[in-house]
Amino acid sequence: FSASDSFLHFLCSGGTVLSVLVILGIATAPSLVLLWLFYLSLSVVGEPFMGFQWDALLLETGFLAIFFAPRQLLPGLTRESPPSRTGLWLLRWLLFRLMFASGVVKLATGDKTWQSLTALTFHYETQPLPTWIGWYAHQLPLWFQKFSCGFLFTVELGVPFLIFAPRRLRLIGCGAIVTLMALIAVTGNYCFFNLLAVTLCVLLLDDAALRRFAPARWRNLPINPNRWRWPHWITVPLAVVVLLVTTMTLASSFREPISWPSPMVKLFRTLAPLRSFNGYGLFAMMTTARPEIIIEGSNDGQTWSAYEFKYKPGDPTQRPAFVAPHQPRLDWQMWFEALNVTRPRYEPSSWFMSFCEKLLQGQPEVLALLKTNPFPNAPPRYLRATVYDYHFTNFATRRETGAWWHRELIGPYCPVLSLRSDPAQ
């Protein structure tokens, strides 16, 4: 309806209120419908800043949760009917696809680092926003990195099948996935991805496993099997559609062409704009280098001062920080932008050029996204972007210099920029 600041603030504040209603158990299903619609709106308008896999995962989880949530309008555990088993298995199917596809794509792409189990020797320093624990993980010996990579493949390729296994094996699978998510979370910042994946793992537990963590007064509440729930004429067709479309997205992880029946292809294309029937697979190709773009301003074209970002590497002495579940999306996009230098005949993205224009204009909303503004009184006359190659330092270098990063100049990313003096030009 609108992309104005006021409407975007309405979506964010409205989403907060609706989330509180869900937490309190008030009109849960209607609130989830609006939450899904709000986030879909933000994701569509906010590209390229909201096109990450966890944004898609949140949309799909939120959509399926509508058909799993309690149906009553007022809170109270005694008011709730048993959840839909169809909704439960669709959410478990989502967790399976998330994990299994993430393992398949790493092998299907033919990436040599994944095949040789050496990918993690690069991952910790080349991931978008590592933590300081990631620095220590990078120092671990090669044999441990290969062992960790083997554990990763075991969890992503083998453990997902335990989701559909009997209770004890299913609980083991839950523990393995949660362990992997915890290890990912302590070494890198991936927004709410890890929390959302762990939340999906809760659905692998049953009442017997959860009851021990509940207060005594909640353990033997009566069940209301007659309370209204989603009818089968809605949940069964939904399950058929979800399974058809998501089987196509899962099969695409194998990177093999498949001639799907035209009705299935048409159904996929019809539902694609909803972003709720997705394919997954993080780090299909391991990045083995870390180029970083450093933006600098100047008033005379001779003396340059750098803009520092809040979380992405810049100053080599700045310690990598924990920021999740918040995602500084500008810092993330700068990581993707820097990867352009690894491609032939690269050009700066349109959003990057717009970002530079806002810096030259001194726009407060954009400057607020940065850690430091070296031109607090007036914006600079000139702007340049330079690319450096970043690597983690080792223990000896950090003891000697205090630096977490070592960097080497690669060259300019784009020509020196300035605003035209005559707006009519």
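Residues numbered from 1 in each chain as written. Predicted model: local features only at pLDDT ≥ 70, side-chain atom pairs only at ≥ 80, totals over all residues. Heavy atoms only, no water.

### Digging into the environment of L129
Stage number 1. Mapped onto the elements, L129 comes out in the loop between helix 6 (120-126) and helix 7 (132-138).
Stage number 2. The spatial distance from the C-alpha of L129 to the C-alpha of V105 is 22 Å, given a sequence separation of 24 residues. (Helix = DSSP H or I, 4+ residues; strand = E, 2+ residues; numbered from the N terminus.)

### Topic: the sheet that holds strand 2 (residues 305-306)
Stage number 1. Strand order in this open sheet of 4 strands is 2-1-5-6, and the pairing throughout is antiparallel. Every interior strand has two partners, whereas the edge strands, strand 2 and strand 6 (405-417), have only one.
Stage number 2. Both strand 5 (residues 382-392) and strand 6 contribute to a ladder of 9 bridges, which runs antiparallel. Its bridge partner lying in strand 6, Y390 is registered against R407.
Stage number 3. Its contacts with the sheet place helix 14 (residues 329-338) against strand 1 (291-298) and strand 6, and it is angled at close to 110° to strand 1. (Pairing = 2+ DSSP bridges. Contact = heavy atoms within 4.5 Å. Axes fitted to C-alpha atoms, helices over the stretch in contact; angles between N-to-C directions.)

### Side note on the packing of helix 14 against helix 15 (residues 350-361)
Stage number 1. Direction vectors running N to C along helix 14 and helix 15 enclose 125°, while the axes themselves pass 11 Å from each other. Comparing their axes, helix 15 and helix 14 come out oblique. Handedness of the helix 14/helix 15 crossing: left-handed. Note on element contacts: helix 15 touches helix 14 through W351, F352 and F355, opposite L330, Q333, M334 and E337.
Stage number 2. When its residues are assigned to classes, the contact of helix 14 with helix 15 shows 5 nonpolar, 1 polar and 1 charged. (Parallel < 35°, antiparallel > 145°, perpendicular 65-115°, else oblique. Left-handed = near helix turned anticlockwise from the far one by under 90°. Nonpolar A, V, L, I, M, F, W, Y, C, P; charged D, E, K, R; others polar.)

### Here we look at the packing of aromatic side chains
Stage number 1. What the rule picks out here adds up to 42 aromatic pairs.
Stage number 2. On the basis of an interplanar angle of 50° and a centroid distance of 5.6 Å, the ring pair of W36 and F63 is categorised as tilted. Of this pair, W36 sits in helix 2 (residues 28-45) while F63 sits in helix 3 (residues 53-66); the two residues are 27 residues apart in sequence, bridging distant segments of the chain. Taken as a pair, W36 and F63 share a single burial class, namely buried. (Phe/Tyr/Trp six-rings, centres within 6.5 Å; stacked < 30°, edge-to-face > 60°. Buried < 20%, exposed > 50% of the residue type's maximum accessible area, 1.4 Å probe, protein only.)

### Brief notes about the pattern of salt bridges
Stage number 1. Within the structure shown, the criterion is met by 9 salt bridges.
Stage number 2. One salt bridge connects R290 with E292, and the closest N-O pair in it is separated by 2.9 Å. By the burial criterion, R290 is buried, and E292 matches it.
Stage number 3. Within this structure, R167, R170 and D206 form a network of salt bridges that share partners. (Salt bridge = Lys/Arg side-chain N within 4 Å of Asp/Glu carboxyl O.)

### What about the layout of surface pockets?
Stage number 1. What the second largest pocket holds in volume is close to 1,300 Å³.
Stage number 2. If you go around the second largest pocket, you meet 30 residues; those closest to its centre are D5, L8, F49, E365 and L369.
Stage number 3. At the level of elements, helix 1 (5-24), helix 2, helix 14, helix 15 and helix 16 (364-367) are the ones that each hand at least two residues to the lining of the second largest pocket.
Stage number 4. Residues belonging to the lining of the second largest pocket are distributed by class as follows: 17 nonpolar, 6 polar and 7 charged. (1 Å grid on protein atoms, 1.4 Å probe; cavity = no way out; pocket = protein on both sides within 12 Å on 5 of 7 lines; lining within 4 Å. Points joined across faces, edges and corners; volume = space filled by probe spheres on them.)

### Regarding empty space enclosed by the protein
Any space left empty among the atoms is revealed by the rolling of a water-sized probe across them.
Stage number 1. The tally for this structure, following the rule as stated, stands at 2 cavities of 30 Å³ or more.
Stage number 2. Its volume calculated, the largest cavity comes out at about 100 Å³.
Stage number 3. Residues belonging to the lining of the largest cavity are distributed by class as follows: 8 nonpolar, 2 polar and 2 charged.
Stage number 4. Lining the second largest cavity are I294, Y307, E308, F309, K312, P313 and G314.
Stage number 5. Class assignment of the residues belonging to the lining of the second largest cavity gives a composition of 4 nonpolar, 1 polar and 2 charged.

### So, the pairing of strand 1
Stage number 1. Here strand 1 lies mainly inside the structure; 8 of its 8 residues are buried.
Stage number 2. Here strand 1 shows no split at all, with P291, I293, I295 and G297 on one side and E292, I294, E296 and S298 on the other all buried.
Stage number 3. Alignment of strand 1 against strand 2, held across 2 bridges, turns out to be antiparallel. Note on strand 2: the bridge partner recorded for G297 is S305.
Stage number 4. Count of turn residues in the strand 1/strand 2 antiparallel hairpin: 6 residues, of which G301 carries a positive phi of about 80°.

### Section: the packing of helix 9 (residues 167-187) against helix 10 (residues 193-201)
Stage number 1. Their axes nearest at 9 Å, the elements helix 9 and helix 10 cross at an angle of 170°. When the axes of helix 9 and helix 10 are compared, the pair comes out roughly antiparallel. Along the contact surface, helix 9 presents C174, I177, V178, M181, I184 and A185, while helix 10 presents F193, N194, A197, V198 and C201.
Stage number 2. Per-class residue counts for the contact of helix 9 with helix 10 are 10 nonpolar, 1 polar and no charged.

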